[in-house]
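Letter by letter, the chains look like this.
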Amino acid sequence: MAAPPFHHPLRHPGRLRSGGWGHLALYIVLGIGAVLMLLPFAYMLSTSLKTLGEVFTTPVQWIPKELRWDNYVTALREHPIGHYFRNSLFVAVSVTLLNLLTCSLAGYSFAKFRYRGRNLLFGTVLATMMIPLASMIIPLFIVVRDLGWVDSYWGLTIPAGTSAFGIFLMRQHMLTIPDDLLDAARLDGSSEPRIFFGIVVPMSKTALSSLAIFIFMWNWDSFFWPLLVATDDQYRTLPLGIALFESSYGTNYPQLMAVAFVAMLPVLIVFLVLQRNFIEALTMSSIKG
Amino acid sequence: MQTTQTAELRAGPQHAQGRRQFRLTHLQKRNLWGFAFAVPALCLFALFSIYPIARTFFLSFFDYSVVDPPRPVGLENYQQILGDPRFHTSLFNSFRYVIFTYIPVWILALLLALALNTRIKARAIFRTIYFVPVVMSWVVVSVIWKLIFHRNGLLNTMFLSPVGIGPQNWLTDLQLAPDAIVILSIWKEVGFFMVVFLAGLQNIPSDFTEAARVDGSSSLQVFRYITLPLLQPTILFSTVIGLVTGLQIFIPQFVMTQGGPVDATLVLTLDIYQTAFVFLDGGKASAMSVVLFFIIAVVTLVQFRLYRSRAYG
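Bear in mind the structure is a predicted one, so any value in this text is a computation, not a measurement.

**Quick notes on the overall build of chain A**
Here's step 1: What chain A contains, in helices and strands, is 13 helices and zero strands.
Here's step 2: For chain A, the sequential pattern of α-helices and β-strands runs α-α-α-α-α-α-α-α-α-α-α-α-α.
Here's step 3: Relative to a compact globule of 289 residues, whose C-alpha radius of gyration would be 19 Å, chain A shows 24 Å and is clearly more extended.
Here's step 4: Considering only C-alpha atoms, chain A reaches an extent of 75 × 65 × 35 Å along its principal axes.
Here's step 5: Across chain A, the fraction of contacts at a sequence separation of at least 24, relative to all contacts at a separation of at least 6, is 73%.

Right, dumping it as structure tokens:
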């Protein structure tokens, strides 16, 4: 069942009949809340444009006398932030593509084929969803070390190459594809891989884009695993880079905030552009989950 | 289509029999393909999930320094963590974190969802603003909040000093450090649950609430006797997601306090990480991992049971 669209004011007349004081109070409370939600970001942006001496003035000086854009230039030139950024982008995009492939294939397999052990395999996959990463981190690290993947892009991407949540999401979607459609293609002599790529994938665009959003977001934010496998600066991703910057130059607040802002920007842009998909993806998964 | 039909007509009965045989093997072939489609994901799971978790259980009965080969010690690791005050602290801190963070988060998120499920204007803008922290990276927000909690940072200068409260050492005070991380987490998490509750509320047919309204029920009665019961699956879902993610929290403690001061913000996952990769006691860390695994498993299974009994009972 698809999530109901959000913009249905008439279907949900709600509690407050019309304007009046109740409504005004609601706006004020929601407005204060919204300001509190955005304040940390404003503080970050403001601090990133200050001199070191201006950071801790009382009262807080929201707009510095002179905007120090060179904090950004210095931070990006003197520290390999651009490099971390590219690593993050590469890892997040690779992991997302891998997941789109493995999860849609496995979801299709579990939804549309009958073979011995299918339900057992699907059940096992679902059960892995509740294993906390911390509970398997030691052997996982040993496996990756024995493969020679510590400090390599392999180690950062391949172990994250599939997800139980993704398989579940794709299977639920693929159950809705009519069997007749697939059988018709078989009668026409299409091979199974061709049916998958030519019919099933194009019909799954919405589910695939939801999955892509989730996987990209999780992996852009990923920290615990890269912390272990990327010990060399060459392979560090942005979250690791920021944590490292924080622990080594943590008192250079303007530059630290500049770096944080740069790190935040791509996700913020993706979110603002795709926010309807973001929220629908979340809604869909929560209702189905 | 056309060609198959004509071919069938031309070949007659003999060919039809050959075709039936062909179709049988064809079905087998198809399902073999079906299985093959699952193989890439299954291989990844086997190597990077199933084997590691099984190995964790195994290693929890060994003395293992991550570097040297494991040496069997029976239940010693479990006896050790049972009597280890540090482990008790991290267990306590994790549960404290979950309760102090998620109970306010759930209440605030539900109130926000109720407020945004009305006819007010600009609801889309409010929803977007409250959701922004959710999509931000934990590391980035931890770095920002570390500055906010600074002795001369935003919280002390803008909010506390005007009401006459002197500057507090939020991240180095034994009492305040856990609360500081809780405050950050409430801010970060509330938007997620708001959207979940909003979806749940919009799944409730408006006829129900309308009918109750017409019958003269007050807003509070509608909420208590109609909205809340119908929202139960959503509430259950939120409880599990909150507990499961909250018990695995790691980044803010790692970035902002490193578990300190004096283990005040040492949570389970951070304890496991440090025990394994800083103190190189893989056996003990494995035993702790097994405990974490069972806590999460119990939480998930209890939810599953509740869900079932609500659905069919």
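**Details of the environment of B:Gln274**
Here's step 1: Of note, B:Gln274 is situated in helix H12 (residues 268-277).
Here's step 2: Put simply, B:Gln274 and B:Val302 are 28 residues apart on the chain and 30 Å apart in space, counted from C-alpha to C-alpha.

**Considerations on the packing of helix H8 (residues 206-214) of chain B against helix H9 (residues 219-230) of chain B**
Residue and element names in this part refer to chain B.
Here's step 1: At a minimum axis separation of 10 Å, H8 and H9 run at an interaxial angle of 145°. Between H8 and H9 the crossing geometry is right-handed. Taking contact as the criterion, the partners of Phe208, Thr209, Ala212 and Arg213 in H8 are, on H9, Val222, Ile226 and Thr227.
Here's step 2: Of the residues in the contact of H8 with H9, the class split is four nonpolar, two polar and one charged.

**Thoughts on unusual backbone geometry**
Residues and elements named next belong to chain B.
Here's step 1: The linkage connecting Gly260 with the following residue, Pro261, adopts the cis geometry, with an omega of -10°.
Here's step 2: Looking at the element boundaries, Pro261 is found in the loop between helix H11 (251-257) and H12.
Here's step 3: Phi angles above zero are rare outside glycine, and Asp263 is one such case at about 65°.

**What about the nonpolar core?**
Here's step 1: If you look at the biggest cluster of nonpolar residues, it comprises 155 residues, and the most contacted ones within it are A:Ile242, A:Val259, A:Ala260, B:Val140, B:Ile144 and B:Met194.
Here's step 2: With 16 residues, the single largest contributor to this core is helix H7 (residues 176-202) of chain B.
Here's step 3: With sequence-adjacent residues up to four places away left out, A:Ile242 is seen in contact with A:Val259, A:Ala260, A:Ala263, B:Val139, B:Val140 and B:Val143.

**As for the interface of chain A and chain B**
Here's step 1: In this complex, chain A contributes 80 residues to the contact, which on the side of chain B involves 77 residues.
Here's step 2: Every element with two or more residues in the side of chain A that touches chain B is listed here: helix H1 (20-48), helix H3 (81-112), helix H4 (118-128), helix H5 (137-146), helix H10 (205-220), helix H11 (224-229), helix H12 (238-249) and helix H13 (253-288) of chain A.
Here's step 3: Residue contributions to the side of chain A that touches chain B peak at 13 residues, all from H13(A).

**Considering the domain arrangement of chain A**
All names here are of chain A.
Here's step 1: Domain annotation of chain A identifies domain 1 (20-74) and domain 2 (79-288).
Here's step 2: The distance between the C-alpha centroids of domain 1 and domain 2 comes to 33 Å.
Here's step 3: Counting residues at the interface gives twelve residues for domain 1, matched by eight residues for domain 2.
Here's step 4: At four residues, the largest contribution of residues to the side of domain 1 that touches domain 2 is made by H1.

Reading guide: rules and limits
- Residues numbered from 1 in each chain as written.
- Chains lettered and ligands numbered in written order.
- Predicted model: local features only at pLDDT ≥ 70, side-chain atom pairs only at ≥ 80, totals over all residues.
- Helix = DSSP H or I, 4+ residues; strand = E, 2+ residues; numbered from the N terminus.
- Rg over C-alpha atoms; globule rule 2.2 N^0.38 Å.
- Contact = placed C-beta atoms within 7 Å.
- Axes fitted to C-alpha atoms, helices over the stretch in contact; angles between N-to-C directions.
- Left-handed = near helix turned anticlockwise from the far one by under 90°.
- Nonpolar A, V, L, I, M, F, W, Y, C, P; charged D, E, K, R; others polar.
- Core = buried A, V, L, I, M, F, W, Y, C linked by C-beta atoms within 7 Å.
- Buried ≥ 20, exposed ≤ 12 C-beta atoms within 10 Å, placed from the backbone.
- Domains from an automatic or database assignment.

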